[in-house]
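Architecture at a glance
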Amino acid sequence: MGRKEGLSTERGGQGGSLWRLVPSRVNLRDVTLRDGLQSEDMLMSLEDKVALAERMIGAGIREMEVTAFVHPDKVPAMADAERLWRALPRRPDVSFSALVFNARGLDRAITAGVDRIAVFVSASEMHSRRNTGKGIQASLEEARQVLARATKEGIRFRTGVMSAFGCRLEGKVPADRVIRLARALQEMGPEEMTLADTSGTGDPRQILERVSACQSFLEGARLSLHLHDATGWALANLVTALQLGVDTFDVTLGGLGGCPFLPGAPGNLAVHRVVRFLDAMGIATDVDLDRLQDGLHYLDKIRTEAEGEG
């Protein structure tokens, strides 16, 4: 990604240096159909999921995480993972991915024809056990096995650390634990590493500390952020990450989403707010706000109908 030359040349001295690494273009990965729906009471139909995907693509989104291959009893919204993957509108300039935690999930993903997955490990012991039923070390070992097989199968993957900036169940999460997990996952050769503020409690100082540390060893892998907005600090965290050169962020329609195993951590970065914010800063996203409204209206229609049936 190019750098925001104008920001550094228009400002002199120390202020200008703050913008030296800011990218001129940012990639927004939509995770509405996965993270956005996993905590919702409504169960969206397959047809509506596909229609939402079509609207997001029409608005300019080119990367989407659309489902998770997890137990349907634990996350009912993901019960149609195989059917959704096969029904997605295919375009050569659009990439889809799915979340996988274990060998069973990978088996299902392979059978469905998934060619790109995301594999995460939590840096919080309590969150890890709630989310996967296993502690951090056991989850890391399972992730290694999943990624080793994905490599053999020719499946592209990104890895990530959940609860990288704190945990509502456990409190503070040490930076060295996050960095240790990121290093271990990096050894598996991902094309991207994501740090996730799963609880939505991260602050700019933590972003600066942990993103900088990971950038020092990521080599060719892209670094991205998944920011929940429970405290209202997500945009401040995004700006800090931009100043470090981060150019990829997860977003959802209307800020939908959260973790079903982590109460009190609702809301992702809302795509329309992020696009408007970046546009004001002169940073391109190639996302059309007017066409994005079509997706928001469609989502509102689905939710209104679901509430009427409830």
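How each quantity is defined
- Residues numbered from 1 in each chain as written.
- Predicted model: local features only at pLDDT ≥ 70, side-chain atom pairs only at ≥ 80, totals over all residues.
- Heavy atoms only, no water.
- Helix = DSSP H or I, 4+ residues; strand = E, 2+ residues; numbered from the N terminus.
- Buried < 20%, exposed > 50% of the residue type's maximum accessible area, 1.4 Å probe, protein only.
- Contact = heavy atoms within 4.5 Å.
- Core = buried A, V, L, I, M, F, W, Y, C linked by side-chain atoms within 4.5 Å.
- pLDDT = per-residue confidence, 0-100.
- Pairing = 2+ DSSP bridges.
- Right-handed = clockwise from strand over helix to strand, strands pointing away.
- Axes fitted to C-alpha atoms, helices over the stretch in contact; angles between N-to-C directions.
- Parallel < 35°, antiparallel > 145°, perpendicular 65-115°, else oblique.
- Left-handed = near helix turned anticlockwise from the far one by under 90°.
- Nonpolar A, V, L, I, M, F, W, Y, C, P; charged D, E, K, R; others polar.

Here's the deal with the environment of V287
By the element assignment, V287 lies in the loop between α12 (271-280) and α13 (289-309). By relative accessible area, V287 is classed as buried at 11%. Sequence separation of V287 and V178 is 109 residues, and the distance between their C-alpha atoms is 32 Å. Here V287 is in contact with A59, G60, I61, V275 and L292, once residues within four sequence places are set aside.

Remarks on the nonpolar core
Residues I117, L195, L225 and F249 are the most contacted members of the largest nonpolar core, which totals 101 residues. Tallying contributions element by element places helix α4 (residues 46-58) first for this core, with 7 residues. When near neighbours in sequence (up to four residues on either side) are disregarded, F249 contacts V26, N27, L28, R29, L225, L227, L238, A241 and L242.

Comments concerning the environment of V50
Following the sequence through the fold, V50 ends up in helix α4. For the pair V50 and P89, spaced 39 residues apart in sequence, the C-alpha separation works out to 7.3 Å. Residue contacts for V50: discarding those within four places in its chain leaves L84, A87 and P89.

Notes on the confidence of the model for the chain
Note that predicted coordinates carrying low pLDDT should not be read in detail. Summing up the model confidence of the chain, the mean pLDDT is 91 and the portion of residues at 70 or higher is 92%. pLDDT under 50 marks residues 3-14. Its contacts with residues more than four places away, or in other chains, come to 20 contacts.

Side note on the pairing of strand β3 (residues 95-99)
Counting buried residues along β3, 5 of its 5 residues qualify, which places the element largely inside the surrounding structure. Residue alternation in β3 divides its side chains into two sets, S95, S97 and L99 and F96 and A98, and both sets are buried. With 5 bridges joining them, strand β2 (residues 63-68) and β3 adopt parallel strand pairing. The residue of β3 that forms the bridge with E65 is S97. Following the chain from β2 across helix α5 (residues 81-87) to the adjacent parallel β3, one finds a crossover that is right-handed.

Some details on the packing of helix α9 (residues 175-186) against helix α10 (residues 204-215)
Across the interface, α9 lies against α10 with an axial gap of 10 Å and an inter-helix angle of 30 degrees. Accordingly, the angle class assigned to the pair α9 and α10 is roughly parallel. In this structure, the crossing between α9 and α10 has a hand that is right-handed. Between α9, through A175, V178, I179 and A182, and α10, the contact on the second element is made entirely by E209, R210, A213 and C214. Among the residues forming the contact of α9 with α10, the class breakdown is 6 nonpolar, no polar and 2 charged.

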